[in-house]
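Here is how the chains run, residue by residue.
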Amino acid sequence: MLISSRRNIYIGIGLALLAVIIWSGNFVVARGVIKSIPPVSLAFYRWLTASLFMFPLAYRSFKKEWDIVRRSLHYLFWVALTGIALFNTFIYIAAHHTSAINLVLIGTTTAPIMAIILARIFLKEQIGWKKLAGLILCSGGVLFLLSRGDLQNLVSFRFSTGDGWILLGALCFAIYNTLVRKKPVGLSPNNYLFLVFSLGTIFLFPFFLWENFHAAPVDWDLSLFLIILYLGLGASVICYSFWNIAINKLGAGRTALFGNLIPVFSSIEAAMILHEDFTKVHVISMLLVFAGIMIANWKGGDKTREHDAEKISG
C-alpha cells in the first residue's frame with residue numbers, strides 16, 4: 001500500500017512537471033514565430049487543432065450532456081471568449097513588441113493578482129494575510145521588472161505597446177479564472193474543453209479572415225507546422241490531460257503549486273533558445289514573484305482553493 005501510494009505521488013509529480021514544462025514553451029514560441037505567422041492566425045490554428053483532437057474524446061458523451069450544454073451557452077460564451085479567444089491572442093500580439101521573458105514574467109504574475117482582486121469583488125472570497133503578503137510581493141516583483149531595477153524609472157515610466165497587450169491578456173485570463181469556478185455541474189472535463197476550445201476558435205474566425213486579407217501571408221514550413229501541432233496538441237490537449245491525472249494523484253492544491261514554475265522554465269527557455277538577455281533584474285523579479293506565490297499558497301490553503309483548482313484544471 002505504501003509503495004503504491006509513493007508510486008502515485010511520483011507519477012503525479014512527473015506529469016505535473018511535464019505539463020508545466022510544455023506550457024512554459026508557449027511564451028517562447030509566441031516570440032520565436034513572429035516573422036512566420038501573424039498573431040491571430042497563430043491563435044486560430046492552435047485552437048482549431050486542439051478542437052479537432054478533442055472532438056473524438058468528447059463525441060460520445062456530448063449527446064448525453066446536451067441539456068446541460070444548452071442551459072450553459074451564455075456561460076460558455078464568456079469563458080471561451082476570455083480564456084481562449086482573447087487571452088492567448090493578446091499574448092501573441094504582445095510577442096511582436098516585447099521579449100519572451102517579459103511576456104512570461106508580466107503575463108503569468110499579473111493574472112493571479114488580478115484574479116485575487118476579481119474573486120474578492122465578484123465571488124466575495126476573503127483575502128487573508130498570506131494572500132495579501134503574496135499579492136504585495138508579486139506586485140513588487142512586477143514593478144521591479146518594469147523599472148529595470150531602478151525604482152526611479154517608475155516616475156517617468158510609460159507602458160510599451162507590448163506591456164499593454166500583456167496586461168490586457170492577463171485581465172482576460174483573470175476574468176476566465178473567475179468564471180471557470182462556476183463551471184456547470186455535470187459537464188464532463190472532455191466536453192468542457194471541447195466546447196470552450198471550439199467556441200474560442202469560432203470567435204477568432206472572422207478576425208482570422210480579416211488578418212489574412214491585411215497581413216503578410218503565413219510562411220508555412222515543417223517547423224511552423226510542428227509548432228502548431230505542439231500548441232494545439234501539446235500545450236492544449238496533452239497538458240490538460242496530464243494536469244487532470246496529476247490532480248487525481250496529488251490533490252488539486254498540491255498540483256496547483258507546480259504552475260508557479262512556469263515563469264522559471266519560460267525565462268530559462270527564452271535565454272537558451274532565443275538567446276534573450278537574462279539579467280539580475282529578471283532573477284530578482286522572479287524571486288520576488290516566486291516568493292509571493294509560495295506565501296499565498298503556503299501549505300495548499302483551504303478547501304475552497306482545493307475545490308477551485310479542480311474546476312480550473314477541468
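Described below are features of the structure shown in this document. This is a predicted model, so every value here is computed, not measured. (Residues numbered from 1 in each chain as written. Predicted model: local features only at pLDDT ≥ 70, side-chain atom pairs only at ≥ 80, totals over all residues. Heavy atoms only, no water.)

1. Section: the overall build of the chain
In step 1: Per the secondary structure count, the chain includes 13 helices and zero strands.
In step 2: Reading the chain from its N end, one meets helices and strands in the order α-α-α-α-α-α-α-α-α-α-α-α-α.
In step 3: Residues classed as buried in the chain amount to 49% of the 314 residues present.
In step 4: Contacts in the chain between residues at least 24 apart in sequence constitute 88% of all its contacts with a sequence separation of at least 6.
In step 5: Per element, the accessible surface of the chain, about 15,900 Å² overall, is 69% carbon and sulfur. (Helix = DSSP H or I, 4+ residues; strand = E, 2+ residues; numbered from the N terminus. Buried < 20%, exposed > 50% of the residue type's maximum accessible area, 1.4 Å probe, protein only. Contact = heavy atoms within 4.5 Å. Areas by Shrake-Rupley, 256 points an atom, 1.4 Å probe, with all protein chains shown as cover.)

2. Observations regarding the packing of aromatic side chains
In step 1: Summed over the entire model, instances satisfying the criterion amount to 14 aromatic pairs.
In step 2: Summarising the aromatic geometry, the rings of Y45 and F208 are spaced 5.4 Å apart at their centres and angled 85 degrees between planes, so their arrangement reads as edge-to-face. Here the residue Y45 occupies a position in helix α2 (residues 39-62), and F208 occupies one in helix α8 (residues 189-214), the gap between them amounting to 163 residues.
In step 3: According to the relative accessible area criterion, F208 is buried, its value standing at 9%.
In step 4: Ring centres 5.8 Å apart and planes at 55 degrees place the aromatic pair F55 and F194 in the tilted group. Remark: F194 occurs in helix α8 and F55 occurs in helix α2; sequence separation between them is 139 residues. (Phe/Tyr/Trp six-rings, centres within 6.5 Å; stacked < 30°, edge-to-face > 60°.)

3. A few points about the nonpolar core
In step 1: Counting residues in each nonpolar core, the largest one holds 60 residues, and the members touching the most others are W23, L76, L103, Y192, V196 and F197.
In step 2: Going through the elements one at a time, α1 (2-32), α2, α3 (66-71), α4 (73-94), α5 (100-122), α7 (161-179), α8 and α9 (222-250) are the ones with two or more residues in this core.
In step 3: With 12 residues, α4 is the largest single contributor of residues to this core. (Core = buried A, V, L, I, M, F, W, Y, C linked by side-chain atoms within 4.5 Å.)

4. What about the side chain of S72?
In step 1: Take S72: it is sitting in the loop between α3 and α4.
In step 2: S72 sits in the buried class, given a relative accessible area of 8%.
In step 3: Within polar-contact distance, the side chain of S72 engages the backbone oxygen of I68 at 2.7 Å. (Polar contact = N/O pair within 3.5 Å; in protein donor to acceptor, adjacent residues only side chain to side chain.)

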